[in-house]
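Examining the three-dimensional arrangement
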Amino acid sequence: MSGRARDRISVADQTLRIDKLLWFLRFAHNRVMARKIAEKGHIRMNGRRIERGHVKVRKGDILTVPQGRTVHVVRIISLPERRGSASVAHSCYEILQTGN
């Protein structure tokens with residue numbers, strides 16, 4: 001896809017694989033671990049169980065992510081372009097609920 005064609009894609013059409021997103025947002029230490037978390041079926045997106053690492057996530061999706069003994073429910077505010085600092089990662093989602 002050329003640069004001009006890519007520029008014409010609207011923001012609403014932008015997606016990111018869930019394994020990359022989990023790694024970029026620091027819910028996993030590396031992408032292999034993120035893919036394994038997604039494939040085990042522990043992640044839910046908009047209430048639907050995810051069993052593949054290639055599922056596409058969009059801005060506004062709600063993810064339920066277990067992390068140790070804690071379960072985070074987060075809304076994706078923006079899709080990161082790369083794995084950055086923790087503060088950049090936290091600015092890409094809002095926590096709706098954290099609990100056991």
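All values reported here derive from a predicted model rather than from experimental measurement. (Residues numbered from 1 in each chain as written. Predicted model: local features only at pLDDT ≥ 70, side-chain atom pairs only at ≥ 80, totals over all residues. Heavy atoms only, no water.)

**As for the layout of surface pockets**
Heads up, the condition is: Grid points spaced at 1 Å and placed over the protein atoms alone form the basis of the search, with a cavity being a set where a 1.4 Å probe fits but cannot get out and a pocket an open set showing protein on both sides within 12 Å along at least five of seven lines. Lining residues have an atom within 4 Å of a point. Grid points are joined across faces, edges and corners, and a volume is the space filled by probe spheres set on the points. Counting from the N terminus, the helices are DSSP H or I runs at least four residues long and the strands are E runs at least two residues long. Classification convention: Asp, Glu, Lys, Arg as charged; Ala, Val, Leu, Ile, Met, Phe, Trp, Tyr, Cys, Pro as nonpolar; all other residues, Gly among them, as polar.
By volume, the largest pocket is sized at about 190 Å³. Forming the boundary of the largest pocket are Gln-14, Thr-15, Leu-16, Arg-17, Lys-20, Phe-24, Lys-56, Leu-79, Pro-80 and Glu-81. Put simply, the parts of the chain that give the lining of the largest pocket at least two residues each are strand E1 (16-17) and helix H2 (18-24). Grouping the constituent residues of the lining of the largest pocket by class yields 4 nonpolar, 2 polar and 4 charged.

**Some points on the confidence of the model for the protein**
How we decide: The predictor rates its confidence in each residue with pLDDT, a number between 0 and 100.
Taken over all residues, the pLDDT of the protein has a mean of 86, while the share at 70 or more is 84%. Strand E4 (residues 56-57) holds the highest mean pLDDT among the elements of the protein, 96, whereas helix H1 (residues 3-8) holds the lowest, 50.

**Examining the environment of Val-55**
The line we're drawing: Exposure categories follow from relative accessible area, calculated using a 1.4 Å probe and restricted to protein chains: below 20% of the type maximum is buried, above 50% is exposed, and the middle band is partly exposed. The contact definition used throughout considers only heavy atoms, calling two residues in contact when any of these lie within 4.5 Å.
On the secondary structure map, Val-55 appears in the loop between strand E3 (48-50) and E4. A residue is classified by how much of its surface remains accessible, and Val-55, at 17% relative accessible area, is buried. Taking the C-alpha atoms as reference points, Val-55 and Asp-19, 36 residues apart in sequence, are found 8.1 Å from one another. The contact partners of Val-55, leaving out residues within four places of it in the chain, are Leu-16, Arg-17, Ile-18, Met-45, Arg-48 and Ile-50.

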